Structure formats: C-alpha cells, structure tokens
Amino acid sequence: MDSRRIANAIATITTAVAAFAVVGVLIVILGYISYQGISSLSWQFLVETPKPVGEGGGIGNAIVGSLIMLGLASLLGVPIGVAVGTYLSEMGDGWFGSTVRFVADTLIGVPSIVFGVFIYALVVLQQGYFSTLAGSLALALIMIPIITRTTEEMTKLVPKTMREGALALGAPQWRVTLDIVLPAAMSGIATGIMLSVARVLGETAPLLFTAFGSRFYNIYLDEPMAALTVQIYNYAISPFDEWHDKAWAATMVLVGMILLINISMRYVTRKRY
Amino acid sequence: MNSAPQSKLFSGDTFFRLSLASCASLILLIVIGMVVVMTNNSWLSIKEFGIGFLYGTTWDPIKGQFGALPFIYGTIVSALLAVLIATPMSIAVAIFFVEQAPKSIARPMAFLVELLAAIPSVVYGLWAIFVLAPFLREYIYPPLQSSLGWLPFFSGSATGLGMLTGGIILAIMITPIITAVVRDVLEAVPMTQREAALALGATHWETTRIVLANASSGIAGAVILGLGRAIGETMAITMVIGNRPQISASLFEPGYTIASVIANEFTEATGELYISALIEMCLILFVVTFIVNALAKLLILSVGNKNTAAG
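Quick look at the structure, then.

Each value, and the rule that gives it
Residues numbered from 1 in each chain as written. Chains lettered and ligands numbered in written order. Predicted model: local features only at pLDDT ≥ 70, side-chain atom pairs only at ≥ 80, totals over all residues. Heavy atoms only, no water. Helix = DSSP H or I, 4+ residues; strand = E, 2+ residues; numbered from the N terminus. Contact = heavy atoms within 4.5 Å. Areas by Shrake-Rupley, 256 points an atom, 1.4 Å probe, with all protein chains shown as cover. Lys, Arg positive; Asp, Glu negative; His and termini not counted. Charge placed at Lys NZ, Arg CZ, Asp CG, Glu CD. Buried < 20%, exposed > 50% of the residue type's maximum accessible area, 1.4 Å probe, protein only. Phe/Tyr/Trp six-rings, centres within 6.5 Å; stacked < 30°, edge-to-face > 60°. Lys NZ or Arg CZ within 6 Å of the ring centre and 35° of its normal. Buried area = accessible area lost by both parts, 1.4 Å probe. Salt bridge = Lys/Arg side-chain N within 4 Å of Asp/Glu carboxyl O. Nonpolar A, V, L, I, M, F, W, Y, C, P; charged D, E, K, R; others polar. Polar contact = N/O pair within 3.5 Å; in protein donor to acceptor, adjacent residues only side chain to side chain. Expected span 1.5 Å × (residues − 1). Axes fitted to C-alpha atoms, helices over the stretch in contact; angles between N-to-C directions. Parallel < 35°, antiparallel > 145°, perpendicular 65-115°, else oblique. Left-handed = near helix turned anticlockwise from the far one by under 90°.

1. Digging into the overall build of chain B
Reasoning step 1: When helices and strands are tallied, chain B shows 14 helices and two strands.
Reasoning step 2: The principal-axis extents of the C-alpha atoms in chain B amount to approximately 75 × 65 × 30 Å.
Reasoning step 3: Taking the contacts inside chain B whose residues are at least 6 apart along the sequence as the reference set, 73% of them involve residues at least 24 apart.
Reasoning step 4: Carbon and sulfur atoms form 67% of the exposed surface of chain B, whose accessible area is close to 13,500 Å².
Reasoning step 5: Where the 14 positive side-chain charges of chain B centre and where its 16 negative ones centre are 9 Å apart.

Next up, the structure:
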C-alpha cells in the first residue's frame with residue numbers, strides 16, 4: 001500500500017517537473033532573445049538595407065522581402081489549400097479522398113528543404129537565376145497541405161443539420177458548400193491560414209536556393225529577394241560581434257511577429273468554445 | 001426541382017465536384033512531381049555511383065567522389081539522440097497535462113509548449129550557437145567526460161559544436177510535437193477505462209499506466225513522427241553540428257547531416273555531378289521522411305480507430 005502511494009507521488013512530481021522544465025526552456029529562449037535583441041533595435045535598423053561591418057545597416061529589405069513572398073505564396077497556397085480541404089470534408093469519403101488526406105498529412109512532415117530543392121530543380125535550373133517567384137512557390141508548397149488539413153477540420157465542425165436544412169430547401173450541393181458551410185467555418189479557416197503564414201514566415205532552408213537573398217530593396221519577381229530568416233542566418237554565421245547583435249535584433253522582430261500571430265489566433269479560437 | 005439538375009448532362013454540382021477534385025489531385029501530382037523531378041536531376045549521380053552512393057565514405061567535390069554514408073550516419077545518430085532525449089520528456093509532459101494537472105493549469109501550459117513549436121528553426125540555431133553550445137561546453141561536457149570518458153561516446157575533447165549538441169537542440173525542437181500528439185492520443189482513450197481502474201482502487205499512477213498501455217501504438221507513432229522531424233530539421237542542426245563529413249564514435253566530435261550538407265553546399269556547388277549528388281541526397285531525405293511520416297500516421301490512427309470501435 002505504501003509503496004504504491006510513493007510510486008504515485010514520484011510519478012506526479014516527475015511529470016510536473018518535466019512540464020515546468022519544458023515551459024522553462026521557452027521562457028529562457030524568449031527572455032534571451034529580448035535581452036540580446038532590444039539594444040540593437042531602432043527605427044533605422046528596421047528600414048535600412050544591410051551594410052558592411054561597422055557602418056550600421058538593417059533589415060528593411062528583408063522584412064519587405066519576407067512579406068512579398070508570403071503574399072505571393074498565400075495567393076497560390078490559400079485557394080488551393082481551402083479547395084482541397086473543402087473537397088476532403090464535403091466529398092472526400094471514398095478511396096480518392098482518403099488517399100489525398102493521407103498524402104497531405106504525410107507532406108506536412110516532409111522537410112521544408114526538400115520543397116526548396118524541388119523548386120530549385122523545377123524553376124531555378126530551368127530559368128537560370130534565383131528569384132522571388134521561386135521562393136514564393138516553395139513557400140506555397142509548404143502552405144498547401146497545412147491549410148488543407150486545417151480547412152478540413154474546421155469545415156467538419158459545421159453541424160450536419162445546417163447542410164441538411166439547406167439541402168431540404170432545394171439548394172444544390174455547391175450552393176450549400178459555398179453559401180452555408182464555408183461562411184460558417186470561415187473564422188476557423190482564417191485561423192488555419194494565419195497559422196500556416198506564421199509557419200512559413202519562419203522558414204529559411206527552402207529560401208536558401210530559391211529566393212537566395214539580396215542586399216537591396218527589390219520588388220521584381222524575377223530577381224533574388226531578401227528574407228528575414230535568411231538575413232538572420234547570414235548575420236548569425238558571420239564572424240562579427242556587431243552582426244551577431246543584428247541577428248538577435250532581427251530574431252526579436254521575427255519571433256515577435258510569429259508569436260503575435262500565434263497568440264492572437266489561438267485567443268480568437270479559444271473564445272468560441 | 002430535383003429532376004431539373006439531373007436532366008442536365010453537366011450540372012453545377014458535377015462541375016463543382018470536378019473542380020474541387022482536380023485541386024485535390026494536385027496534392028498527389030506534387031508528390032509524384034517531386035519524385036520524378038528529383039530523380040531526373042540526380043540521374044547523373046545515380047548512374048555514376050549506383051547503390052555505392054549509400055555506403056561510400058568519401059565526399060570530395062574536387063575529385064568528383066561522392067559517398068553519402070557520413071551524412072546518413074550523422075542524420076541517424078543526431079535524430080536518434082534527439083528522440084532518446086525527447087521521448088521520456090514529452091511523454092511525461094503529456095501525462096502531466098492529460099492525467100494529472102487541473103485543466104486551469106494544463107491549458108495555458110500546453111499552449112506555452114505549443115509556442116515552442118512555433119519558434120523557427122533558424123532561431124533555435126542562433127540560440128544554440130551562442131547560448132546552448134557554450135553552456136554545454138563549460139558545465140555539462142567536462143563532468144560527463146571525467147565520469148564517463150572511458151566510453152567511446154564521450155572520448156576526445158568537447159568544443160561544444162558536435163553531434164551531442166546537435167541532438168540536444170533537435171530534442172528541444174521535437175519535444176512540443178511529440179507532446180502534442182501523445183496528448184491527443186491519451187485523450188482518445190475513453191474516460192470509462194480510467195473510471196474503471198479508479199473504481200477498483202488503483203492509484204492515479206496505476207491508472208495512467210493502464211491508459212499508457214492502451215495508447216502505446218499511438219505513442220509509438222508520436223515518437224516516430226518526432227524522429228521524422230529530427231531527420232529533416234535543417235537550419236538549427238546546420239548551425240551547431242560542426243559540419244565535418246566523418247564517422248566518429250565520439251558524440252563530442254563534429255558530424256554532418258543530409259539536410260545540413262544540402263543547405264551548406266547547394267548554392268556553392270559547381271559541376272553537374274556535384275549538384276546531381278546533392279539532389280540525390282535530397283531525394284533520399286524525401287523518401288525516408290515520407291515513409292517515416294506515413295508509418296507514424298498509421299500508428300496514431302490505429303489508437304483512434306481501436307477506441308471508437310470499442311466504445
């Protein structure tokens with residue numbers, strides 16, 4: 001009897017310690033980023049382009065580059081992802097639906113660098129140059145399976161009775177899906193989209209050999225483009241302390257953006273239950 | 001009303017269904033396209049080295065010798081280290097959230113753990129270079145070496161950048177993923193099983209062990225999913241593993257992974273054979289992670305199916 005109670009107590013304490021330790025790691029990382037990053041953060045840093053060591057410079061072009069590529073990737077990834085997700089929830093019960101669902105699920109776990117190499121072979125090698133467009137395509141490929149799965153989960157939450165009601169009134173299935181189901185699931189789908197945006201905002205590997213990076217402001221789709229993550233990587237692996245400080249400041253900006261999206265999205269969905 | 005659309009050969013519903021289905025088939029096309037394009041672009045290397053690519057140990061771009069074994073070794077060892085560290089941790093955390101902590105504590109904490117998964121790989125790498133690696137070098141590796149240095153794993157001098165540091169940062173990165181999946185799996189075990197055990201006089205821990213046994217295949221799936229992530233992680237491991245293509249028993253020594261060598265050498269690779277060999281590595285990475293993830297998915301699904309069938 002006693003030994004059983006002791007085992008129980010040990011188990012409770014061990015798991016609690018583990019949980020607090022993992023949360024502790026998060027706090028240590030976030031705390032360190034803020035501590036290191038805050039001193040180099042300034043308006044100039046946010047708008048200037050990178051400059052040689054000792055001359056200042058910042059991440060303005062990288063922020064703009066990340067946003068442009070995110071926008072383009074969303075333009076392609078969101079409609080396709082939502083369409084596939086809708087297909088899976090509304091008519092994906094057969095073998096074809098199960099196969100697509102399984103493959104989409106499995107694609108989520110495929111390393112992002114693989115999508116980068118794929119786009120390199122497909123686009124960059126053919127065209128002969130790194131480009132914004134190639135970077136956006138790689139990001140879109142990463143977004144599609146994530147949006148597919150969240151859209152499916154969210155549309156499935158729409159009560160069956162709503163569909164049945166509309167069908168009973170004589171609406172064809174496509175009207176039911178477009179006018180009833182999707183609007184009802186819209187906020188959930190939007191949350192999924194934002195979370196996938198946050199995910200690809202942090203991607204580095206697929207951009208290394210698609211968008212490649214650039215030291216200038218650029219809006220052309222057929223030229224190399226800077227990204228916040230690639231800029232952090234370049235600053236981080238440089239031998240200069242000054243650039244390491246810039247890496248921390250840029251990280252603070254990036255992690256701030258990603259956590260803001262994550263926290264606000266989870267807050268929005270939490271309120272609905 | 002009902003007969004009108006059916007009489008048309010091409011109704012709105014058929015059109016809608018077909019257009020959505022064609023979008024869905026795009027997913028399959030992407031996967032097939034990836035295999036075809038990457039096989040095509042690595043054909044030069046596949047033809048030149050054949051199966052020997054997998055066990056060749058020389059990586060010499062200048063002489064045109066490409067063997068992948070040091071990278072395969074580095075990938076496997078770093079990923080296994082990560083899983084070894086992360087698995088007990090993640091399962092304990094998941095048990096705490098599902099079985100022990102009151103909802104008011106478990107929910108916000110689980111959310112914080114999920115935030116760990118949202119932090120980008122490059123940020124983990126940055127933190128690992130400047131904080132984790134120096135910390136391990138100063139405070140963890142010296143005692144490890146003096147007490148266990150007779151083991152080949154802990155021989156040699158530790159610079160902080162090497163296989164073990166890589167494994168530890170990967171472990172931190174996959175812990176939230178394994179935790180989230182184990183949590184879902186534990187929650188899929190019906191409440192009635194816990195009630196039955198508690199009613200028979202079992203303690204909380206004994207009840208948890210019964211639940212764990214029931215969820216075991218799902219937990220295995222979660223661990224394999226974590227393994228898949230660790231195999232494919234790129235930026236963080238590239239920044240701390242040391243990037244030297246060697247096979248060494250010592251975990252303090254630098255290593256190299258498949259994902260790292262692609263990230264490091266791809267843009268600088270000159271010569272068709274060199275690029276071809278790197279793309280072949282990527283193809284291997286793709287096929288392996290795809291299979292690993294598919295396996296994990298099947299195992300995780302089996303828990304849900306078993307319990308819906310029973311309950």
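2. Here we look at the overall build of chain A
Reasoning step 1: Helix and strand counts for chain A stand at eleven helices and zero strands.
Reasoning step 2: Listing each helix as α and each strand as β along chain A from the N terminus yields α-α-α-α-α-α-α-α-α-α-α.
Reasoning step 3: Seen along its three principal axes, the alpha-carbon backbone of chain A occupies a region of about 70 × 70 × 35 Å.
Reasoning step 4: Looking at chain A residue by residue over its 273 residues, the buried ones come to 54%.
Reasoning step 5: Counting only contacts in chain A whose residues sit at least 6 apart along the sequence, the fraction spanning at least 24 positions is 74%.

3. A closer look at the packing of aromatic side chains
Reasoning step 1: Summed over the entire model, instances satisfying the criterion amount to 24 aromatic pairs over all chains.
Reasoning step 2: Summarising the aromatic geometry, the rings of Trp59 of chain B and Phe66 of chain B are spaced 4.9 Å apart at their centres and angled 75 degrees between planes, so their arrangement reads as edge-to-face. By the burial criterion, Trp59 of chain B is buried, and Phe66 of chain B matches it.
Reasoning step 3: Pairing Phe153 of chain B with Phe154 of chain B gives two aromatic rings, centres 6.5 Å apart and planes at 85 degrees, and the pair type is edge-to-face.
Reasoning step 4: Since its relative accessible area comes to 41%, Phe153 of chain B is described here as partly exposed.
Reasoning step 5: By the ring-pair criterion, three or more aromatic residues cluster together here, those being Phe49, Phe53, Trp59, Phe66, Phe71, Tyr256 and Tyr274 of chain B.
Reasoning step 6: Between the NZ or CZ atom of Arg175 of chain A and the centre of the ring of Trp174 of chain A, over which it lies, the distance is 5.8 Å.

4. Examining the interface of chain A and chain B
Reasoning step 1: Taken together, the contact between chain A and chain B spans 82 residues of the former and 76 residues of the latter.
Reasoning step 2: Between chain A and chain B the total buried area reaches about 6,900 Å² when both faces are included, carbon and sulfur atoms providing 83% of it.
Reasoning step 3: There are three salt bridges connecting chain A and chain B.
Reasoning step 4: Its salt-bridge partner being Glu206 of chain B, residue Arg4 of chain A comes within 2.7 Å of it at the nearest N-O pair.
Reasoning step 5: Of the residues in the side of chain A that touches chain B, the class split is 60 nonpolar, 17 polar and five charged.

5. Focus on the side chain of Thr208 of chain B
Residues and elements named next belong to chain B.
Reasoning step 1: Secondary-structure assignment places Thr208 in helix H10 (residues 204-214).
Reasoning step 2: When its relative accessible area of 2% is taken as the criterion, Thr208 is described as buried.
Reasoning step 3: A distance of 2.8 Å separates a polar side-chain atom of Thr208 from the backbone oxygen of His204.
Reasoning step 4: Setting aside anything within four residues of it in sequence, one finds Thr208 in contact with Ile95 and Glu99.

6. Details of the environment of Val98 of chain B
Residues and elements named next belong to chain B.
Reasoning step 1: Considering the arrangement of structural elements, one finds Val98 in helix H5 (residues 69-100).
Reasoning step 2: For Val98, a relative accessible area of 17% corresponds to the buried category.
Reasoning step 3: Expressed as a C-alpha distance, the spacing of Val98 and Phe252, which sit 154 residues apart in the sequence, is 37 Å.

7. Some points on the pattern of salt bridges
Reasoning step 1: Going through the model one piece at a time under the given rule, you end up with 18 salt bridges over all chains.
Reasoning step 2: For Glu48 of chain A, the salt bridge identified is with Lys51 of chain A, shortest N-O distance 3.6 Å.
Reasoning step 3: With its nearest N and O atoms 3.0 Å apart, the salt bridge here joins Lys156 of chain A to Glu152 of chain A. Of the two residues, Lys156 of chain A and Glu152 of chain A both sit in helix H6 (residues 132-156), four residues apart, roughly one turn of that helix.
Reasoning step 4: Looking at Glu152 of chain A, the relative accessible area reads 0%, which means it is buried.
Reasoning step 5: It is possible to trace a salt-bridge network through shared partners that takes in Arg101, Asp105, Arg149, Glu152, Glu153 and Lys156 of chain A together with Lys297 of chain B.

8. Some thoughts on helix H11 (residues 216-232) of chain B
All names here are of chain B.
Reasoning step 1: Along its 17 residues, H11 runs 25 Å from first to last C-alpha, staying within 8% of the 24 Å computed at 1.5 Å per residue.
Reasoning step 2: By the criterion of burial, H11 is predominantly enclosed, with twelve of the 17 residues buried.
Reasoning step 3: Every buried residue of H11 is accounted for by Gly218, Ile219, Gly221, Ala222, Val223, Ile224, Leu225, Gly226, Gly228, Ala230, Ile231 and Gly232.

9. Section: the side chain of Glu203 of chain A
All names here are of chain A.
Reasoning step 1: Of note, Glu203 is situated in the loop between helix H8 (173-201) and helix H9 (205-208).
Reasoning step 2: Judged by relative accessible area, Glu203 falls into the buried class, the value being 10%.
Reasoning step 3: Engagement of the side chain of Glu203 in a polar contact is seen with the side chain of Ser112, the distance being 2.8 Å.
Reasoning step 4: Here Glu203 is in contact with Ser112, Leu139, Ile142 and Thr229, once residues within four sequence places are set aside.

10. Let's talk about the packing of helix H3 (residues 60-91) of chain A against helix H2 (residues 12-41) of chain B
Relative orientation and spacing of two packed helices are given, respectively, by the angle between their axes and the distance between those axes.
Reasoning step 1: At a minimum axis separation of 8 Å, H3 of chain A and H2 of chain B run at an interaxial angle of 115 degrees. Taken together, H3 of chain A and H2 of chain B sit at an angle that is classed as roughly perpendicular. Note on packing geometry: the crossing formed by H3 of chain A with H2 of chain B is left-handed. Touching Ile80, Ala83, Val84, Thr86, Tyr87 and Met91 of chain A of H3 of chain A are Phe16, Arg17, Leu20, Ala21, Cys23, Ala24, Leu26 and Ile27 of chain B, all from H2 of chain B.
Reasoning step 2: Grouping the constituent residues of the contact of H3 of chain A with H2 of chain B by class yields twelve nonpolar, one polar and one charged.

11. Some points on the environment of Val64 of chain A
Reasoning step 1: Within the secondary structure, Val64 of chain A sits in helix H3.
Reasoning step 2: In sequence terms Val64 of chain A and Leu228 of chain A are 164 residues apart; their C-alpha atoms lie 8.5 Å from each other.

12. A look at unusual backbone geometry
Reasoning step 1: Its identity is not glycine, yet Phe212 of chain A carries a phi of approximately 70 degrees, on the positive side.
Reasoning step 2: Summarising the element assignment, Phe212 of chain A is placed in the loop between H9 and helix H10 (228-236).
Reasoning step 3: A positive phi angle is found at Asn243 of chain B, which is not glycine, with a value near 55 degrees.
Reasoning step 4: Inspection of the secondary structure assignment puts Asn243 of chain B in the loop between helix H12 (235-240) and helix H13 (258-265).
Reasoning step 5: Take Asn243 of chain B: its relative accessible area is 25%, and that puts it in the partly exposed class.

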